Amino acid sequence: MRRFAARWPHAWASVLAVVLLAGGVATPAAALETKPGDAAATGYTRESVRAATWNMCGEAGGSYASAAGYCPWRNGAATGRHRPDGSAILDDTGPRRKMEGVVRLIDERNLNAVLLQEVCAGTTPGDSSGTSHLDELAKLLAGKGWSFASAGVTRPDDKYGVEPERKDPELVDSEGSDCRGDALTGTLSVAIAVKGRITWRSEDDFRTPVGTGLSMNSGTILCAEVAGWESHLCSTHVSNFHADTTKKKDPDDPAQANWEVPISPATANAYYQKQLGTIVDTVKKFPSVVLGGDFNTSNQETLQPLYSLMAECDQRAYLPNDGTYNDAVNEATKLTRTNGATRPDGGYKSYTMTSSKIDYLFSTDGFTGCDARTDFGDSTDYLAEHQPECQSVAKNCKPDDDAYSDHTPLYGYTQGGPAVSWKLDGSATATTGGSAGLTGASGDGTSDWRTAEHGGALYMDGRVDEAVAAGGPAFDTAHSFTVSAWAKLDADAGTSAVLSQDGNRVSGVILFYNAGDNSWRFGLPKADADGWNIDQAVAPGAVKGQWTRLTGVYDSATGKASLFVDGTKKAETTHTARWRANGSFVVGRDLVSGVRNAGFKGHVQRAEAFGHALRADQVASYSATMAPPTGKNIAMAGTEGTNSQGCHQHGDDYENAFGTAVTLTPTLTATVRHPDPSKDVWAEFSLWDNTTSTQILSLGTPASKSTVVKGQGTVSLTAPRLTPGHSYGWRVRTADATTDNTPVSANCHFKAPEA
């Protein structure tokens, strides 16, 4: 931010052009190679990031619809008053109006992260009026547990050039160009908002030229760490300099003497690839990352380096295109008016609306759903016959209520942990757990916990009143989902439902044992109606008296329902009669013709449900693999932005890459999970001194072993006394009595406090 810099004139500067492809949604090039994400098949151990990326076009551009770079709500709404020159007097509600759109998206789509571009953050020193988008967003989300970070962007005509970054851990950056406009203050920025506590941020600037006649910003990639999250978040805005291949400079203007335009196509491409290379190098430093931004290209093949690393959310459908559930791919994220014909005063007589995909959302973990909220883009009718003051004199254009930006938000949900995770082990948390926050209770108010059985299990004697039900649904049965549980049938068990989810008249899904042919079954009824009209995947050969891991997976996009027994697919069927069972998630019975039915006879343990379809390799990992521990943590000292857990490879450019431990004998903490809930499980920690290259704790040695839990839980180990001021690294793996060489977590880092 320019210290006490003068505010820009109220007239808008020349447009910052972007290169777009006219027409409908983008289609990936035939040569584009995409990834499904979660290559290690362990996404089920992490949180689901529900993120949107959105360019808010919040800072610069024309002041009426036909002017280059126009975008709605940059300043405010008409007050009904006019200046002597005939221009409308606007209020200053525009920045808040844009952020109201962001909050609306958060609330309607249950998001926990938003990645923003072209917003203002902080306050310009010397400004006595105006507000910033990030300040308005913070006010709207106050008291809801959100935190914010930003990184400044420099305009190409900024007379100060790219300002060097200060070596401090500020979360809201102030190095960049000042925001312009009567209603605005602060620094032009990319930003991250997250429902959680940001413990660290980084920015890696692109350093494309400024002051050489180029038409696009010099941007950055902003990344953040969130307390308790495995995934890092990154927001970016990439400039496309193709328009500068035809831009001319005025040979008679001394100020343009050193301009480099026009540039060659090769130079334009080199500038683009330089930015892309910085992004690739940055995201590689994070074990798990969600990246969103405006990449200013519809040529997806150009982004192949990112597609080779991560999944992009809108490359596949997550719902069928069957007339009821429609899920288009590569939806447009940018709306543009082209071929415009105007009156002498600049009012539109006609124009053509075109669209393109230039905004992208990537993740190393893959996605369970994705959509572009196209109705939040500016498709307002700005024709002068309908808006006579939308022209160069009055400058009073009235956007539609939903028209927040000329970009549409793109949002997606990453694969993550279960919505319901009930251990059913007789502990105080036996019927709690999972992201949905559902708690179970038996119908008769009692539960028969057999704590000595397989590490602790729920026993039911076939009565439906013993079933454990949640207060609502765990997932949408019309969409993709996964259900799983350990079950052990009594020798005299009849047809028994392991788990289900109630509809009005029949369960929407039933994982059960069928006594008639001694089979395990995964059933999906075709309608919420009386009777037994059901699609079933049937796995014969159920064994009574033996603990069995059952997993049912439904992929709504393909209509395939699969049944896995002990991690191996045993049966598959097709289910296309999708409907929503909105009743309780239940362990121990089902519902048929409105009657509770098929009470389970035997033991059940570790019942879980996911709001997405696990792949076959993920089911196999989930059922048989000890994945690397999660929740890696050390108590850190310091203020906001300086207490990173350091589980990344990012350099210490801003002296905040790693936090400082509270004590010289810190407690190393991690969460471990064994696929078999009856097994003892612990963590083994490796710890070393980076300053002296000395190993302190080694994997597999007695000193590296943590506390022990049954099946799953949080474990810890107190480190030996460390040397004051030294830098340390550590990593951890899950261990049990029989398994060696399990996967190891990413390295984490911290500093020891000074003596």
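Note that this is a predicted model, so its numbers are computed, not measured.

Chemist: Provide a residue-level description of the packing of helix 1 (residues 94-109) against helix 2 (residues 133-140), including the pertinent values.
Modeler: Between helix 1 and helix 2, the least distance of the axes is 9 Å, while the angle of their chain directions is 50°. What the angle tells us is that helix 1 and helix 2 run oblique. Once helix 1 is placed against helix 2, the crossing between them reads as right-handed. For the pair formed by helix 1 and helix 2, the contact residues are Pro95, Arg96, Lys98, Met99, Glu100, Val102 and Val103 on the first element and His133, Glu136, Leu137, Lys139 and Leu140 on the second. For the contact of helix 1 with helix 2, the per-class residue count stands at six nonpolar, one polar and five charged.

Chemist: Can you break down the sheet that holds strand 23 (residues 496-501) residue by residue, with the values?
Modeler: Strand order in this open sheet of seven strands is 18-21-30-23-24-25-26, and the pairing throughout is antiparallel. In this open sheet, the two strands that pair with only one neighbour each are strand 18 (441-442) and strand 26 (534-540). Note that strand 18 and strand 21 (residues 468-469) share two bridges and pair antiparallel. For Ser442, the partnering residue across the bridge sits in strand 21 and is Val468.

Chemist: For the packing of aromatic side chains, give the residues involved together with the corresponding values.
Modeler: This model, assessed by the stated rule, comprises 23 aromatic pairs. Seen from their ring centres, Tyr411 and Tyr413 are 6.1 Å apart, and the 45° between their planes marks the pair as tilted. On the basis of relative accessibility, which here comes to 8%, the residue Tyr411 falls in the buried class. For Tyr413, a relative accessible area of 22% corresponds to the partly exposed category. Here the basic side chain of Arg337 rests over the ring of Tyr351, its NZ or CZ set 5.3 Å away from the ring centre. Over the ring of Tyr622 we find Arg549; its NZ or CZ atom is 4.4 Å from the centre of that ring.

Chemist: Let's hear about the pairing of strand 7 (residues 198-205): which residues, and what values?
Modeler: Of all eight residues in strand 7, eight are buried, a share of seventy percent or more. Inspection of the sheet shows strand 7 paired to strand 8 (residues 220-226) by seven bridges, in the antiparallel sense. Residue pairing for strand 8: Arg201 is matched across the bridge by Ala224.

Chemist: Would you mind going over helix 3 (residues 265-283) in detail, with residue names and values included?
Modeler: Since there are 3.6 residues in each turn of an α-helix, residues three or four apart along the chain are aligned in direction. Relative to the 27 Å expected for 19 residues at 1.5 Å per residue, helix 3 spans 27 Å between its end C-alpha atoms, a close match to the ideal helical length. Every buried residue of helix 3 is accounted for by Ala268, Tyr271, Tyr272, Gln275, Leu276, Thr278, Ile279, Val280, Thr282 and Val283. Turning to helix 3, the residues buried within the fold contact strand 7, strand 8, strand 9 (232-237), strand 10 (289-294) and helix 4 (304-307).

Chemist: So what's going on with the state of the cysteines? Which residues, and what values?
Modeler: Disulfides are covalent bonds that link the sulfur atoms of two cysteine residues. All told, the structure shown has six disulfides when counted by the stated rule. The side chain of Cys120 participates in a disulfide bridge whose partner is Cys179; the two sulfur atoms lie 2.1 Å from each other. Looking along the S-S bond of the Cys120-Cys179 disulfide, the torsion reads about -115°, which is the left-handed sense. With a gap of 59 residues between them, Cys120 in strand 4 (residues 113-121) and Cys179 in the loop between strand 5 (146-152) and strand 6 (187-195) connect regions that are remote in the sequence. We note that Cys120, like Cys179, is buried. The residue that forms a disulfide with Cys647 is Cys748, at a sulfur-sulfur distance of 2.0 Å. Taking the sign of the S-S torsion, 100° for the link of Cys647 and Cys748, the bridge is right-handed. On the criterion of sequence distance, the pair formed by Cys647 in the loop between strand 35 (636-637) and strand 36 (660-661) and Cys748 in strand 43 (residues 748-751) is long-range, its members being 101 residues apart.

Chemist: Run through the side chain of Ser235, naming residues and quoting values.
Modeler: By secondary structure assignment, the location of Ser235 is in strand 9. Within the structure, Ser235 has its side chain in polar contact with the backbone oxygen of Leu116 (distance 3.0 Å). Polar contacts involving the side chain of Ser235 include one to the side chain of Gln117, which spans 3.1 Å.

Chemist: So what about the pattern of salt bridges? Which residues, and what values?
Modeler: Opposite charge on two side chains lets them pair, provided their charged atoms get close. By the definition in use, this model includes 38 salt bridges. Asp375 is the salt-bridge partner of Arg373, the closest N and O atoms lying 2.8 Å from each other. Here Arg373 falls in the buried class, since its relative accessible area comes to 9%. One salt bridge in this structure joins Arg673 and Glu608, with 3.9 Å as the shortest N-O distance. Here Arg673, found in strand 37 (residues 667-673), pairs with Glu608, found in strand 33 (residues 601-610); they are 65 residues apart in sequence, far enough to count as distant. For the pair Arg673 and Glu608, one class covers both residues: buried. Salt bridges here are not isolated pairs; linked through shared partners, they connect Arg104, Glu108, Arg373, Asp375 and Asp402.

Criteria and thresholds
Residues numbered from 1 in each chain as written. Predicted model: local features only at pLDDT ≥ 70, side-chain atom pairs only at ≥ 80, totals over all residues. Heavy atoms only, no water. Axes fitted to C-alpha atoms, helices over the stretch in contact; angles between N-to-C directions. Helix = DSSP H or I, 4+ residues; strand = E, 2+ residues; numbered from the N terminus. Parallel < 35°, antiparallel > 145°, perpendicular 65-115°, else oblique. Left-handed = near helix turned anticlockwise from the far one by under 90°. Contact = heavy atoms within 4.5 Å. Nonpolar A, V, L, I, M, F, W, Y, C, P; charged D, E, K, R; others polar. Pairing = 2+ DSSP bridges. Phe/Tyr/Trp six-rings, centres within 6.5 Å; stacked < 30°, edge-to-face > 60°. Buried < 20%, exposed > 50% of the residue type's maximum accessible area, 1.4 Å probe, protein only. Lys NZ or Arg CZ within 6 Å of the ring centre and 35° of its normal. Expected span 1.5 Å × (residues − 1). Disulfide = S-S within 2.5 Å. Polar contact = N/O pair within 3.5 Å; in protein donor to acceptor, adjacent residues only side chain to side chain. Salt bridge = Lys/Arg side-chain N within 4 Å of Asp/Glu carboxyl O.

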